[in-house]
Structures are given as structure tokens and as C-alpha cells.
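# Per-entry structural report
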Amino acid sequence: HLVASMVTGEQVEETYIMIKPDGVQRGLVGEIISRFEKKGFKLTGLKLFQCPQELAEVHYEELKSKSFFPKLIGYITSGPVVCMAWEGVGVVASARKLIGSTNPLDAAPGTIRGDFAVQTGRNVVHGSDSPENGKREIGLWFKEGEVIQWTPAIAPWLKE
Ligand code: IDP
């Protein structure tokens, strides 16, 4: 990985993707996972999880001063979420494109939020906003041993 990425200037990254409680309640789990799978990224972590208040607060600590923060914490802890780690070249920015704008009314059709949501407070899915935050968030949400390194058999059909 490392040598290939240094030669081509392409960086293998990790991102934390989470199906929020509304996505789980609305039966969108399969649909959302499918979009990342079909794109060609590698799933390295996956679990259904009831998020405790403290973890929600740490995950969203940058938004602590916002007026919507208490509601955001209430939303994220209101039911189970699906936690995922995905790996690939440029996966962080690409996943953000697949997810669409924060406000689903601004999100392009074809994106997850564009296709399945109407309000910022119920926008179905989370994706890390930088490679650094991808690593940080995977570290927050997954325990050691829950993220698996593996080689998909189709790898040569996705990257030359
Ligand atoms: P992002 O999820 O697209 O990266 P951020 O600005 O990082 O967007 O906000 C994190 C999450 O906080 C949003 O996905 C959304 O669930 C919630 N949020 C952001 N702004 C608002 C708001 O104005 N009202 C309610 N919830 C908000």
C-alpha cells in the first residue's frame, strides 16, 4: 500500500461512517452500506451499537457551543447506530460526496442525504471530514480487534 501510494501520490485513507438512529429506524441500513460497497471501498469495521451520552459528546465536541448540541446528542443516542470503518484511496472526500450536503435539502439527488432525508437534524448518516478525523473517530467508536485488515478477492478489478 505505502509504496504504491508514494509512487502515484494517491493516499490510502480510513473514514468513519455511521448510520444514525433515523437511518436504522427507517430500514436504510442495507441501502446505505450497499452504496459504499458498490463504489469499491473496503469495509474494515461494522457493528450495531447503542451510543452512550459521553461518547456522543466526545464525537461531536467541536459542536459543543452550538445551540443545537443538546438535541444532537439526544438524537444520536436515541436508538442504535451502525458504526463502520471504510478504507480506500481518497475515501474520506469520496464518502462525503456519496453522503451529500449537511442540509439534505441542499444535497444533490443521488447522494444518500439527497435521496433519503429532508432535515439537517435527521440527516441519516455521518462521514468523517478529514483523514485525521477518520482515524480519530475509528479510534473512538471501535475497540482494538474490531477493525479488520483483509484483502478483498476483487482488489485487482478495482485498482490497476
Ligand atoms: P456533517 O455531518 O455534514 O459533517 P457538521 O456541520 O459537522 O455536518 O454537523 C454535524 C451534525 O450535527 C450534522 O450532520 C447534523 O446531524 C447536526 N447539525 C448540524 N447543524 C445542525 C443544525 O443547524 N440543526 C440541527 N442539527 C445540526
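Our structure is the block above this text.
Residue numbering note: each chain is counted from 1, following its sequence as written. Residues qualify for local features only when their pLDDT is at least 70, as the model is predicted, and side-chain atom pairs are given and counted only at 80 or more; totals for whole chains, interfaces and linings, by contrast, use all residues. Only hydrogens and water are set aside; all other atoms, that is, all heavy atoms of the structure, feed into the side-chain values.

## Details of the sheet that holds strand β4 (residues 125-127)
Two strands are counted as paired when DSSP detects at least two bridges linking them. Helical segments are the DSSP runs of H or I of at least four residues, strand segments are the runs of E of at least two, and each set is numbered from the N terminus. Pairing is antiparallel across the open sheet formed by 4 strands, whose spatial order is β2-β3-β1-β4. Of all strands in the sheet, those bounded by a partner on one side alone are β2 (42-49) and β4. The mean inter-strand angle of the sheet, taken between neighbouring strand axes irrespective of direction, is 15 degrees. When strand β1 (residues 12-19) meets strand β3 (residues 81-89), the two strands line up antiparallel, connected through 8 bridges. Bridging across to β3, M18 finds its partner in C83. Running over the sheet, helix α3 (residues 29-39) touches β1, β2, β3 and β4 and is turned about 10 degrees from β3. Helix-sheet contacts for helix α8 (residues 131-141) involve β1, β2, β3 and β4, and the interaxial angle to β1 is about 55 degrees. A fitted line through C-alpha atoms serves as each axis, taken over the contacting stretch for helices, and the angle formed by two N-to-C directions is quoted from 0 to 180°. We call two residues in contact whenever any of their non-hydrogen atoms come within 4.5 Å of each other.

## Re the site of the ligand
K20, Y60, L63, F68, L72, R96, T102, R113, T120 and N123 make up every residue found near the ligand. Polar contacts, as counted here, are pairs of nitrogen or oxygen atoms within 3.5 Å of one another; within protein the pair requires one atom able to donate a hydrogen and one able to accept it, and residues that are adjacent in sequence qualify only if both atoms are side-chain atoms. Side-chain polar atom of T102 to an oxygen atom of the ligand: 2.5 Å apart, as the coordinates give it. Contact between the ligand and R113: an oxygen atom at 3.1 Å from a side-chain N or O atom of the residue. Protein coverage of the free-state accessible area of the ligand, which is 530 Å², stands at 72%. Classifying every residue of the shell around the ligand by side-chain character gives 4 nonpolar, 3 polar and 3 charged. Put simply, a residue is near a molecule or strand once any heavy atom of it comes within 4 Å of that molecule or strand. Using the Shrake-Rupley algorithm and a 1.4 Å probe, accessible areas are obtained, with residue cover drawn only from the displayed protein chains. Three residue categories are used. Nonpolar comprises Ala, Val, Leu, Ile, Met, Phe, Trp, Tyr, Cys and Pro, charged comprises Asp, Glu, Lys and Arg, and polar comprises the others, including Gly.

## Some thoughts on a nonpolar patch on the surface
Exposure above 30% relative accessible area and the absence of a salt bridge qualify a residue for a patch, where like charges join within 9 Å and nonpolar side chains (Val, Leu, Ile, Met, Phe, Trp, Tyr) within 5 Å. For this analysis, a salt bridge means a side-chain nitrogen from Lys or Arg found within 4 Å of a carboxyl oxygen belonging to Asp or Glu. Taken together, the side chains of I154, W157 and L158 make up a nonpolar region of the molecular surface, amounting to roughly 400 Å² of accessible area. Tracing the sequence through the fold places L158 in helix α9 (residues 155-158). Residue L158 is classed as partly exposed on the basis of its relative accessible area of 45%. Exposed residues in this analysis have more than 50% of their type's maximum accessible area, buried residues have under 20%, and partly exposed residues fall in between, with area computed by a 1.4 Å probe over protein chains only.

## Regarding the pattern of salt bridges
Scanning all chains against the criterion turns up 6 salt bridges. Here E14 and K135 are joined by a salt bridge, their closest N and O atoms 3.1 Å apart. Of this pair, E14 sits in strand β1 while K135 sits in helix α8, and the two are 121 residues apart along the sequence. Its relative accessible area of 56% is what places K135 among the exposed residues. The residue R136 makes a salt bridge to E61 at a minimum N-O spacing of 3.2 Å. Of the two residues, R136 sits in helix α8 while E61 sits in the loop between α4 (53-59) and α5 (69-76), which places them 75 residues apart along the sequence. With a relative accessible area of 28%, R136 lands in the partly exposed category.

## Structural notes on the packing of α3 against helix α6 (residues 91-99)
Following both chains from N to C, one finds α3 and α6 inclined at 135 degrees, their axes separated by 11 Å at the closest point. Of the possible angle classes, the one that applies to α3 and α6 is oblique. Note that α3 runs across α6; the crossing there is right-handed. Contact with α3, carried on its side by R35, F36 and K39, involves S94, A95, L98 and I99 of α6 and no other residues of that element. Residues of the contact of α3 with α6, tallied by class, amount to 4 nonpolar, 1 polar and 2 charged. With respect to orientation, any angle under 35 degrees is reported as roughly parallel, any angle over 145 as roughly antiparallel, any angle of 65 to 115 as roughly perpendicular, and every other angle as oblique. The hand of a helix crossing depends on one turn: near helix anticlockwise from the far one by less than a right angle means left-handed, and clockwise means right-handed.

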